[in-house]
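What follows is each chain in one-letter form.
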Amino acid sequence: MSDTSDRRFQEQLAVYAEVAVRIGLNLQPGQQLLVNASTDAAPLARLIAAEAYRAGAELVDVLWSDPGVTLARFRHAPTESFDLHPTWRGEAFRQVGERGDAVLYLHSPNPNLLAGQDPEKLRLHQRATDRAMRPYNEARDRQRSNWTIVSVPNYAWAASVFPDLPTEAGRRRLWEAIFEAVRLNEGDPVAAWNNHIADLNRVLVHLNGRRYARLHYRAPGTDLEVGLPEEHRWMSARFLTDRGTPYIANLPTEEVFTSPHSGHTEGTVAASLPLSYGGILIENFGLRFEAGQVVEAWAESGYETLMGILATDEGARRLGEVALVPHASPISQSGLLYYDTLFDENAACHLALGRGFTFTVDDWQGKSDEEIAAAGINRSLTHIDFMVGSSEMDIDGVRADGSVEAIMRGGEWAF
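Overview of the structure. Predicted, not measured: the structure shown is a model, and the values here were computed from it. (Residues numbered from 1 in each chain as written. Predicted model: local features only at pLDDT ≥ 70, side-chain atom pairs only at ≥ 80, totals over all residues. Heavy atoms only, no water.)

1. Things to note about the sheet that holds strand β1 (residues 32-38)
Alright, step 1. Spatially, β2-β1-β3-β4 is the arrangement adopted by the four strands of the open sheet, whose pairing is parallel. If you trace the sheet from one side to the other, it starts and ends with β2 (59-65) and β4 (147-151), each paired once. Sheet twist, expressed as the mean angle between neighbouring strand axes with direction ignored, is 15°.
Alright, step 2. Bridge count between β1 and β2: seven bridges; the pairing is parallel. Looking at β2, one finds that Q32 is bridged to L59. (Pairing = 2+ DSSP bridges. Helix = DSSP H or I, 4+ residues; strand = E, 2+ residues; numbered from the N terminus. Axes fitted to C-alpha atoms, helices over the stretch in contact; angles between N-to-C directions.)

2. Structural notes on the packing of helix α4 (residues 87-99) against helix α5 (residues 119-141)
Alright, step 1. Contact geometry of α4 with α5 gives a least axis separation of 8 Å together with a crossing angle of 15°. Relative to α5, α4 is oriented roughly parallel. For the pair α4 and α5, the sense of crossing is left-handed. Where α4 abuts α5, its residues G90, F93, R94, V96 and G97 lie against A132, M133, P135, Y136 and A139.
Alright, step 2. For the contact of α4 with α5, the class distribution of residues is seven nonpolar, two polar and one charged. (Parallel < 35°, antiparallel > 145°, perpendicular 65-115°, else oblique. Left-handed = near helix turned anticlockwise from the far one by under 90°. Contact = heavy atoms within 4.5 Å. Nonpolar A, V, L, I, M, F, W, Y, C, P; charged D, E, K, R; others polar.)

3. Focus on the side chain of D396
Alright, step 1. Positionally, D396 belongs in strand β17 (residues 394-398).
Alright, step 2. Owing to a relative accessible area of 7%, D396 belongs among the buried residues under this scheme.
Alright, step 3. Polar side-chain contacts of D396 include one of 2.6 Å to the side chain of R409.
Alright, step 4. With near-sequence residues (within four places) excluded, D396 lies in contact with R214, L215, H216, R218, V404, E405, A406, I407 and R409. (Buried < 20%, exposed > 50% of the residue type's maximum accessible area, 1.4 Å probe, protein only. Polar contact = N/O pair within 3.5 Å; in protein donor to acceptor, adjacent residues only side chain to side chain.)

4. Overview of the environment of E283
Alright, step 1. Secondary-structure assignment places E283 in strand β12 (residues 280-290).
Alright, step 2. Between the C-alpha atoms of E283 and A271, which are 12 residues apart in sequence, the distance is 8.2 Å.
Alright, step 3. Sequence-distant contacts of E283, defined by excluding residues within four places in its chain, comprise P274, A299, E300 and S301.

In structure tokens form, the structure reads like this:
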């Protein structure tokens, strides 16, 4: 049965667009909206444009990308050209940050798109993209733009998640999993999201009240201590722009997170799930840290890509995020490996290499970039999440006086 002939699917897709615009973005009347979308996501992009105009958008525009065009470049363009990035894309996002407009990312990944391609091309391509996006990313971290990410299945992604299903059946099954993950199947999705955010906020109140100096992670292959800035604060994915607009950056989201101190990570960590990065899978990998910096890395596959990430800049070898997710999260309990960070990071505790978050420091609005860095927040062009949590993960919080308290036991909250 095709998408267009399935009335129930079309109804769910319309609700998905409404949730993305009204709950995720919380688009405000008079705002402009920039949609960043793959051509695979065109049907949803059109529904989102209509919903955005109903919400009072002044202007909606779409920046399109096409996986076939991307693959053609990697196959045929010379390596030295991958340090180039279309200047108009970066300029469009820079203007969004300056004006306080909204951005909606329609994410439609192909985990194996660039399998077998030159890792050096990927490294240069990602570095050029990160450089072009830096002005907007900095404005976004200063909460000058409301934004959200939602996902759209394509056949290649569905085939990775459901390799034993026929193509169309696999894509339909992936749609069903996404609708479930973003709470569209609840009687009242808005109320369901408000209740979920309230649950996350209760965890935030507890963690922010403890003021841990560091976290100690223990699991098979992992014995890691991560220091936290003295002025850190824990956050969930519901943010507030500098104009007072609340929004939810990721749909779905199950995490609470903060930024670690860039110089205070010691020990070894083993990834618990594969990382799909730029169409290449990095599998069975791990890192060893000394004085906050990665000094050793290994991977069963995708090693060159992993090393390319670490070579982005000096900050790429340091952590920018620690995020806690209970193993009982709905995405984890689905039993699916999505091969996509947006979903897999909400199935497991995760860390991120690279850029830390300005807004995870107390009173960050009044601090300069230099003061934020002095507080311990990492600077980098990149920000790459990777999963470390499992049902075997124990995490302790260590307070400044040396006392130790259980945060997680067997992957679940211990408080």
